[in-house]
Amino acid sequence: QAYNCLIHFYKRSDRLCNQWCDYLFNSFRNTRILTTPTNRELLLCVLGSCLTGLRAPCAVNLVTSMMVLGQDVWKNWEKTGKTEFVKVLKSLLEEGGPNVAENPHHRDIYRHIYDLIWQAVRDKIKREQVVQCLGELIAFNSEVANLVTDIIAIVDTETVLAEDKKDERSRLTATVREIERFLGDGLLKERLEIDTLGECGILKHPKKFFTTVIKLKTKLFYKQQKFNLFREECEGYAKLITELNQDLSSVTPTYIIEVIKSVIGYFNLDPNRVLDIILESFECQPNQHKFFISLLGEYLPDTRTMCELLSFKYSFYLSSNNEDKEVTPKSLYEVTALLIQHDIMKLEDVYPLLRPDDSEITKMADKEMRDAKDFVRKLNVVSTQGKNDDEEKEKEDRDKHENNQKFGLLEALVKVGAWNHAEKILCQLPTYYATAQPGISMQLCKLIHIILDPVYQINSGLCPRIKVKSHQPLDNEHAPPQAETYEDLKLHVFPMLLALGPHAQADPILLYKVLRICKTALGIKDTAKYDSEVAGVVVPPDSPLYFMTLTLMDEVFLPSLSLLNSNCCLAEEIWSVLRHFPYEQRYRLYDQWKGDTTTAHPILLRSKAAVLKSIKKLMQRVSKENVKPTGRQLGKLSHSSPGLLFTYILSQIQVYDNLIGPVVDSLKYLTNLSFDVLGFCIIESLNDPSRARTKTDGTSISMWLNALASFCGAVYKKHSIELTGLLQYVANQLKAKHSLDLLIIKEVVAKMGGIEGIEEMTPEQIDATAGGELLRQEAASFTQIKNTRKSSQRLKDCLIEKGLAVPLVLLMAQQGNSVVYQETESDHLKLVGKLFDQCHDTLVQFGTFLASNLSQDDYTRKLPPLEQLLSEFHVNADIAFFLARPMFNHLINTKFDDLRKNDKLWKQRTGAEKQAKHAEAAQLVMEPVTAAVIPIYPPKVWEDISPQFCTTFWSLTMYDLYVPEKLYEKEIKKLKEAPAKLSDNKDLNTARRKKEADRLNTLMERLQDEEKRHKEHVERVMARLRQEKDAWFLSRTARSGNSRSAKNETITQFLQFCLFPRCIFTSSDAIYAAKFVSVIHMLKTPNFSTLICYDRIFCDITYTVTCCTENEAGRYGRFLAAMLETVMKWHAEREVFERECSGYPGFITKFRVTDKATGNDTDTVDFENYRHVCHKWHYKIAKALVVCLESKDFVQIRNSLIVLTKIIHHFPAIQNLATVIEKRIEKVCEDEKDKRQDLYIKARSYQGQLGARKAKMMKESDFHVVKGKKGEEAEAASSPAKKEREKGGEGVEEGEIRSSGKEKRRESERRDRERSSASKERNRDSESKERSSRDKDVRTSRERDSHSRDRNGQGDMGPPATSRSTPTRRSLDPDAGDRDPKRRRGEDKEREKEKEKSPVLDRLEKNEKLRKEKREKEKIKKEKEEKESKREKKRDRDDSVADSSVKKRREETERSESSPSRQNGSEEKRKSSSDRKREKRR
């Protein structure tokens, strides 16, 4: 402190003070001034005054605040000052005791005496009085002599600096001479400078005295005492060694100390050598550490000598004198550790003596980390090193730490139990670098064994009969005590474990012990089942060691497992603890394990590289043929580092999806911990932000996501992996409006629950879905899904226990709108459709799984009621009814059972009464549902249909309306025949054959019983519907005044809010919607027009097809196919039509006037008129689909192709419509072949199916009666609609339900234009005699080709055009309409050419056709003029040829008119009835 003060003052003082400070520095070098505490205190006092801004030596003249005396003491010294001064000093000396240095007032005493001496030096007080006063004080306390001598030395220094005040110097020397008699000669010679002593006359010869002092110092401090190394010393050392190595239990350290002193004195031994021999003996007997520690404590004067001796010992093994390259012995480390532990030496004194330096150790640690990272980075690089290069490098790494003295001392400290000191060294060194050394980690493990032994004996959890090895405590009172409680473990054991980190792998037994203690502390009971899907009882966070266990898992257990070679037992033991923690905690640990923990340890990095190298080699050999051997190798690798392993495997699966099957089969040898890590790795891969989840074109989901989803379904089904994390991940993604991850749920439910999507089911399989549960299992499953009972139970348990079933359902239900309006604002429309379909299909699949796997009571209890779904969760009505539908049936059946039990006369009731009771139960259950439905629809809806009808429609299923009897019969027949086939199976013995036969018989009986119950259920439902049907549709005729308008409005509401939403929900719902329309018709429901309903469905499907997604288009196609099936069934046979349609309200039209005489305004559509309407519907469907196919829009073309594929068995049924569609399909194939391959494939597929069905198609004349133009008055007479039309009324044209007057006028004008155009063409041909026959033939051929293309591409579609100017008649024979066209034969070739020149205009694009004709004619005319100018010279020669040709053609025309019956049959087939009518009119 004084030195620092001098430095500070030296920088701030003036020149005089600088000289004074220089003198102080010189005095410091001599060190005589500071040899006593008194001088040091005085110096600090002076320096303190100087630092306050005062200048020495005048600073000493002032009296500071610490002084008791006043300034008048020196003025009145002779009178009262001396007496007061002596009195104050004596009082200060008495209060502090005899020792002035320890006196609390020593600073005041110093200051007073210092001032008194300066009074004499400055001659303010007489020298004799000052000397006398000091003599009195010395006589009072002898210690004052030391104080006075030190102060004189200070004043001596100050007077030497003041060279200009020699008088003060002389007065000081005189004062010293006089005061010598009180201080003594020796004290002054010891403290004062030699020059001052000479000036004072104390020394006669100062120079001689100075020489004597120098020689004495040299002898004391620099001259080594020489011992006799050849006689006494050898014998003395031998005696000493004998004494130190005897049986020390019979002697005491005090006795040995006396012996050592005697030996040293007798043999004149070097004490330092004696100390060395004591240490050598200590090294040979470390177990006698108590004796030697006590001995050294008495022998050593200070620790400095021991440090120097140890420094010599340690430095020898690192110096060049160590010719044998000896390693520092462990015994020396142990002795040093014991000395430090027992406070004989300080660690701070020993640690600097050891080598290498901390900086060098840090550099080695950094280099090791860099080498490990380079090793991982060069993993894929082909190594050019020799085979033994790596081994030599590892040997060098071991050798460089072999003589690391700090590591040696650390190991010894741990061995003797000096953990506190060892922990200090660990903090000095790089983290985990010291414990990475095998010796240190093993000794630390042994120490932990000893400390936790008492706790382990109590909390091991092992059977009492199992003998547990015990560890005795260390024979060292300074070692950590053994732990008795969990708190002791936290205090002593866990810090040691954390210091070990992954290097605890050196002692797997220790890991087992700590894990068992953790299990007991957490209250985990050991069981035999550790399946990963069986999540144990979750441990509460307030359990003892809860958070410490998590910390140990993160820092010790899991990293240590990575360094152990395939230790599956330890992995299972770790899982037995981890399984009781929430999956969030476990997944955090796994992420740390494979991430930060691995990168923090070089040894783990190298282990990671080895694992990756092995798995890469293994994955190259994985195939279906070697699943078992590769699975075993995979299991061994996964025991230690499952996270790294599965990350690589999943990356390969994302690229090569054909690896899914072999990899899933190979995972059967994994531990439960590995399976749980696999679940985490799957979620991590799914949530990889660096991967794009859609393809680059943005129209479809990425292949890697599809592959991962498939892998999820397969691996979760086959292996027991906890599903909670995956399901919660999907739920979180749905909350974040990321619907792509629904693909995972879809695959998991499909594989684990056996619930496949029903989009690709055959009609027979869809029909089977209408049956009971057994029939669905036997006939409706279109994939071989086996053994899903256990996996579906696991999935169900996870959903119920974790409370994820309802949240997932609601999130899926709400996700549809999010997909369309929020999530995919900037995405391609194709992707939007796919996401919506995926969301919808997954919802249906998931809801079906819950309904089929949960009991009815659980389902009703878990799922919110319909009212809450609609109002609180804002779920669409179709989805809400889909979810609530299973609840309705359960509640109705429960209510029905209650009514049956309460009715005592139930057995006496008739079937009709029982059905009425069932209807009553249904009404009671559905009343609140009906009330909940009313607010969600506009009030206008309920003016046409009743809420009861809406709830009835949405609450029923195909199971309620239809019994698939044929399928029941088919399956029962198969089961009856199956036992007979068992005898042919030689693999089954008699017992198994009998058992299988019994099973088949039981299943057959159950199927028969199920069919019976199904029929009874359908009868009850139909009875209920017959009871409700009269109130379904409300009559608005009285209010509206227009019956047809009211019916149209009713049908509109029915289609908009019931039929269309239901028919596109699922494929089975599409069939149900068509079936329900048929049921409404067959029930003869009032105020419902079946014809108008079908007409509205078929007439314009363009917008419906366009607005569908891909899957919705498929369902809509199934709906249309089912509707067309019913339509064509009535179309095919008159008897069926008469039986199922005639007289039914659905086929009564109030706008058809039939018999005015009777005054009846109603009429029933007859069979032939219905066939015309069917033709119109086919035409309208063809027209709509052709518009879609020609739109160039992807969605319209795709949806139209899907619909066409679905209705292929019923449409097109007419040849000319098939030709039109085929032309459009061919055009689509040509356009999309090199553009949109998916459309091209669909078009080619449909084209092949259409070609296969051409043979089954019928002509238009076979489909319905084609009306003639002349001589058919009888036909007109039999059609009231025709009469109304002729009168200008609103009659119905054949093939139409109703046509407006404007449409009729437009049709008439179009036909007049056709006739005028044909007439002009004929006139132009007859006036071309002067032209050459060759030009005429070319023009005629070109026009014929053009007209043929137009007719094939756009014409011949829909009902034929009929003339309205000529009255028509109907044949008296009902079948005459079918035979009449066949009786008109015989047309000549000229009229056929004219027919070809007069194209049949396409009804779809008539305006475009007219413009096209005009352009063709202008082009032909232009070409004709150019050719005529070039061929003028040849015109005369060609005229003669043309005249003869015309003459010949006229003769042929006359012959054909005279004998029409001789016309060629092949030409008749090419003529249509409409062409012949036009020719007759001409």
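Bear in mind the structure is a predicted one, so any value in this text is a computation, not a measurement. (Residues numbered from 1 in each chain as written. Predicted model: local features only at pLDDT ≥ 70, side-chain atom pairs only at ≥ 80, totals over all residues. Heavy atoms only, no water.)

(A) Representation of the packing of helix H22 (residues 405–416) against helix H24 (residues 438–459) within the structure. Where H22 meets H24, the closest approach of the two axes is 8 Å, and the angle between their N-to-C directions is 10 degrees. Here H22 lies roughly parallel to H24, going by the angle between them. Every residue of H24 that contacts H22 at Phe407, Leu410, Glu411, Val414 and Lys415 is listed here: Gly439, Ile440, Gln443, Leu444 and Leu447. By residue class, the composition of the contact of H22 with H24 is six nonpolar, two polar and two charged. (Axes fitted to C-alpha atoms, helices over the stretch in contact; angles between N-to-C directions. Helix = DSSP H or I, 4+ residues; strand = E, 2+ residues; numbered from the N terminus. Parallel < 35°, antiparallel > 145°, perpendicular 65-115°, else oblique. Contact = heavy atoms within 4.5 Å. Nonpolar A, V, L, I, M, F, W, Y, C, P; charged D, E, K, R; others polar.)

(B) A positive patch on the surface, seen in detail. Among the surface-exposed residues, Lys628, Arg632, Lys636 and Lys668 lie close enough to one another that they form a single positively charged patch. In this structure, Arg632 sits in helix H32 (residues 627–640). (Patch = residues over 30% accessible without salt bridge, like charges linked within 9 Å, V, L, I, M, F, W, Y side chains within 5 Å. Areas by Shrake-Rupley, 256 points an atom, 1.4 Å probe, with all protein chains shown as cover. Salt bridge = Lys/Arg side-chain N within 4 Å of Asp/Glu carboxyl O. Lys, Arg positive; Asp, Glu negative; His and termini not counted. Charge placed at Lys NZ, Arg CZ, Asp CG, Glu CD.)

(C) Region of interest: the confidence of the model for the protein. Of the residues in the protein, 76% have a pLDDT of 70 or more, and the chain-wide mean is 77. Here residues 1037–1041 scores under 50 on pLDDT; set against residues more than four positions off or in separate chains, the count is six contacts. (pLDDT = per-residue confidence, 0-100.)

(D) Summary view of the pattern of salt bridges. By the definition in use, this model includes 47 salt bridges. Note that Lys1129 is salt-bridged to Glu1140, the shortest N-O span being 3.3 Å. Taken together, the positions of Lys1129 in helix H57 (residues 1110–1132) and Glu1140 in helix H58 (residues 1134–1140) put the pair eleven residues apart, joining distant regions of the chain. Relative accessible area serves as the criterion here: at 40%, Lys1129 is assigned to the partly exposed category. Its relative accessible area of 14% is what places Glu1140 among the buried residues. Several salt bridges converge on common partners, so that one network encompasses Asp150, Glu190 and Arg191. (Buried < 20%, exposed > 50% of the residue type's maximum accessible area, 1.4 Å probe, protein only.)

(E) Main features of the nonpolar core. If you look at the biggest cluster of nonpolar residues, it comprises 331 residues, and the most contacted ones within it are Phe711, Phe1054 and Phe1119. No other element matches helix H59 (residues 1167–1189), which puts twelve residues into this core. Ignoring any residue separated from it by four or fewer positions in sequence, one finds Phe1119 in contact with Leu1059, Phe1060, Cys1063, Ala1070, Ala1073, Ala1074 and Ile1097. In this structure, Val86, Tyr114, Leu147 and Leu188 belong to the second largest nonpolar core, which totals 47 residues. (Core = buried A, V, L, I, M, F, W, Y, C linked by side-chain atoms within 4.5 Å.)

(F) The arrangement of the side chain of Lys796 in detail. The topology assignment puts Lys796 in helix H41 (residues 789–801). Buried and unpaired, Lys796 has Asp797 as its nearest opposite-charge partner, separated by 4.4 Å. If near-sequence neighbours (up to four positions away) are discounted, Lys796 is found in contact with Phe849, Asn853 and Leu854.

(G) Focus on the packing of aromatic side chains. Summed over the entire model, instances satisfying the criterion amount to 47 aromatic pairs. Ring centres of Phe1137 and Phe1147 lie 5.6 Å apart, and the angle between their planes is 80 degrees; on these two criteria the pair is classed as edge-to-face. One end of the pair, Phe1137, is in helix H58; the other, Phe1147, is in the loop between H58 and strand E1 (1148–1149), and ten residues separate them in sequence. Judged by centre distance (5.7 Å) and plane angle (55 degrees), the rings of Phe1147 and Tyr1170 are tilted. Of this pair, Phe1147 sits in the loop between H58 and E1 while Tyr1170 is found in helix H59, placing the two residues 23 residues apart along the sequence. Of the aromatic side chains, those joined through ring pairs into one cluster are Phe881, Phe888, Phe949, Phe953, Trp954, Trp1032, Phe1033, Phe1054, Tyr1072, Phe1076 and Phe1088. Across the ring face of Tyr1144, the terminal group of Lys1084 is positioned such that the distance to the ring centre comes to 4.7 Å. (Phe/Tyr/Trp six-rings, centres within 6.5 Å; stacked < 30°, edge-to-face > 60°. Lys NZ or Arg CZ within 6 Å of the ring centre and 35° of its normal.)

(H) Highlighting helix H20 (residues 358–377). Over its 20 residues, H20 extends 29 Å from the first C-alpha to the last, a length consistent with the 28 Å expected when each residue adds 1.5 Å. For H20, every residue scored as buried is listed here: Asp358, Ile361, Met364, Ala365, Met369 and Ala372. Across the axial projection of H20, the buried residues extend over an arc of 135 degrees, all falling on one side. Counted as exposed and oriented over 90 degrees from the buried face of H20: Lys363 and Arg377. (Expected span 1.5 Å × (residues − 1). Arc of directions from axis to C-beta.)

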